[in-house]
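Structural characterization, general
Chain residues, written in single-letter form:
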Amino acid sequence: MNIKNILVATNHLEAIGGTETFTFTLIEALLKKGFNVEYFTFKKGETSKRIENNLGVNFMDKANYDLILANHNTCVNYLSRRGLLIQTCHGIFPKLEQPNRYADGHVGISDEVVSFLKNKGFLAKLIFNGINCQRFDAKKTINKKLTNVLSLSQSSLANAKIEAACQNLNLNFRKFNKYINPIWNIENDINEADLIVGLGRSAYDAMACGRTVLVYDEREYAKSFADGYLKPEMVDLCVKNNCSGRFFKKQFEIEDLVLEFKKYNATDGQKLREIVLNKFNIDNQVDEYLNYANSISKKSNVIILQVLYLLQEIKIKSRKIRHFRKQLFNSKNS
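Quick caveat, the model's predicted, so the values are computed rather than measured.

**Comments concerning the sheet that holds strand S11 (residues 212-216)**
Within the open sheet, the five strands sit side by side as S9-S8-S10-S11-S12. Their pairing is mixed. One side of each edge strand has no neighbouring strand; the edge strands of this open sheet are strand S9 (172-175) and strand S12 (226-229). Strand-to-strand, the axes of this sheet are offset by a mean angle of 20°, without reference to chain direction. With four bridges joining them, strand S10 (residues 195-198) and S11 adopt parallel strand pairing. Bridging from a neighbouring strand, Val197 pairs with Leu214 of S11.

In structure tokens form, the structure reads like this:
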């Protein structure tokens, strides 16, 4: 299969988050390898602007593509008729991450996701999260003694516990929540810390920067678990559940976090970066996607997809009409 033109699709790109960053990183790596790349999203915004302005990549303009890499199930019905489509599932809980039977192939980013898909009747290829290891690099040596902690937690409760633990040990504490104070160049702030607290992609980004990591957060959509201070020998185990805390399933209070911070070892930082270079380098992950694409073929019913596409178009147009009527009504009554 001769792949030249690739479409990368994500449900929403209006903010900054894990899937949005993955989309940008994937497009960046595909361009580096010489492919013609365009992107698609239902919701443009902060990340799509960066894709267009920083990478020079245009919104979907072609009728067909050699390969479509879609991150959310909403994109599958809308785009699968345009070419061979692979859906990447990044989790097991969110609705957008559920597998779509009209995808021609599925990728799971962890053993947990691959098993979840298998239980639903989908055979998936395991391809770990991809990190730009040149952007996320160890630009500053971490302190021999733990001094600076950065939380990338999305939970006010978790951050309160982390801050209290830092106060107990007289550590400098900073926090960023992508929903409250998102930062695109988060690698700069990561490099100012010795230890990062977070889950999933936050942990991988920190590891790539040669930082130590504490896998912990308290998310609303699932019971709170943690894997704790990430020793290099623990990575293979924690990655099975995407560094979500669901491997060891520890539950932390302030005193537990204090004990985890005391496990800090500055030599772990470089070891963790070496692991990322070997397992999560986006350049290698792109090759895995391409090899997988060459092993599958178009299988979806084109007629059904065409009907689904038309229904999706009607839904989008109806939404736009309702929005226009609402704006018109508001303007008349203002």
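**As for the sheet that holds strand S5 (residues 85-89)**
Two strands in a sheet stick together by hydrogen bonds in their backbones, pointing the same way (parallel) or opposite ways (antiparallel). Strands sit in the order S3-S2-S1-S4-S5-S6-S7 across an open sheet of seven strands; the sheet is parallel. Two strands bound the open sheet, and with one partner strand each, they are strand S3 (58-59) and strand S7 (124-126). Bridge count for strand S4 (residues 67-70) against S5 is three bridges, and the pairing is parallel. By the bridge assignment for S5, Leu69 is matched with Ile86. Set on the sheet, helix H1 (residues 18-32) makes contact with strand S1 (5-9), strand S2 (36-40) and S4; between it and S1 the angle comes to about 170°.

**Thoughts on the pairing of S9**
Inspection of the sheet shows strand S8 (residues 148-151) paired to S9 by four bridges, in the parallel sense. Note on S9: the bridge partner recorded for Ser151 is Lys175. This β-α-β element, S8 to helix H5 (residues 156-168) to S9, shows right-handed connectivity.

**Here's the deal with the state of the cysteines**
The full count for this structure, using the stated rule, is zero disulfides. This cysteine, Cys133, is not joined by any disulfide, and Cys209 carries the nearest cysteine sulfur, 9.3 Å off. Cys133 sits in the buried class, given a relative accessible area of 6%. With no disulfide of its own, Cys243 has Cys238 as its nearest cysteine by sulfur position, at a separation of 5.4 Å. Residue Cys243 is classed as buried on the basis of its relative accessible area, which comes to 0%.

**Examining the pattern of salt bridges**
Under the criterion given, the structure shown has 15 salt bridges. Asp283 is the salt-bridge partner of Lys32, the closest N and O atoms lying 3.2 Å from each other. Placement of the pair is Lys32 in helix H1 and Asp283 in helix H11 (residues 282-293), with a sequence separation of 251 residues. Overall, the relative accessible area of 53% leaves Lys32 in the exposed class. Classification of Asp283 by relative accessible area gives partly exposed; the value is 21%. Residue Lys161 pairs with Glu218 through a salt bridge whose shortest N-O separation is 2.8 Å. One end of the pair, Lys161, is in helix H5; the other, Glu218, is in the loop between S11 and S12, and 57 residues separate them in sequence. Each member of the pair, Lys161 as well as Glu218, is classed as buried. In this structure, a network of salt bridges that share partners links the residues Lys161, Glu218 and Glu253.

Reading the values: the criteria
Residues numbered from 1 in each chain as written. Predicted model: local features only at pLDDT ≥ 70, side-chain atom pairs only at ≥ 80, totals over all residues. Heavy atoms only, no water. Pairing = 2+ DSSP bridges. Helix = DSSP H or I, 4+ residues; strand = E, 2+ residues; numbered from the N terminus. Axes fitted to C-alpha atoms, helices over the stretch in contact; angles between N-to-C directions. Contact = heavy atoms within 4.5 Å. Right-handed = clockwise from strand over helix to strand, strands pointing away. Disulfide = S-S within 2.5 Å. Buried < 20%, exposed > 50% of the residue type's maximum accessible area, 1.4 Å probe, protein only. Salt bridge = Lys/Arg side-chain N within 4 Å of Asp/Glu carboxyl O.

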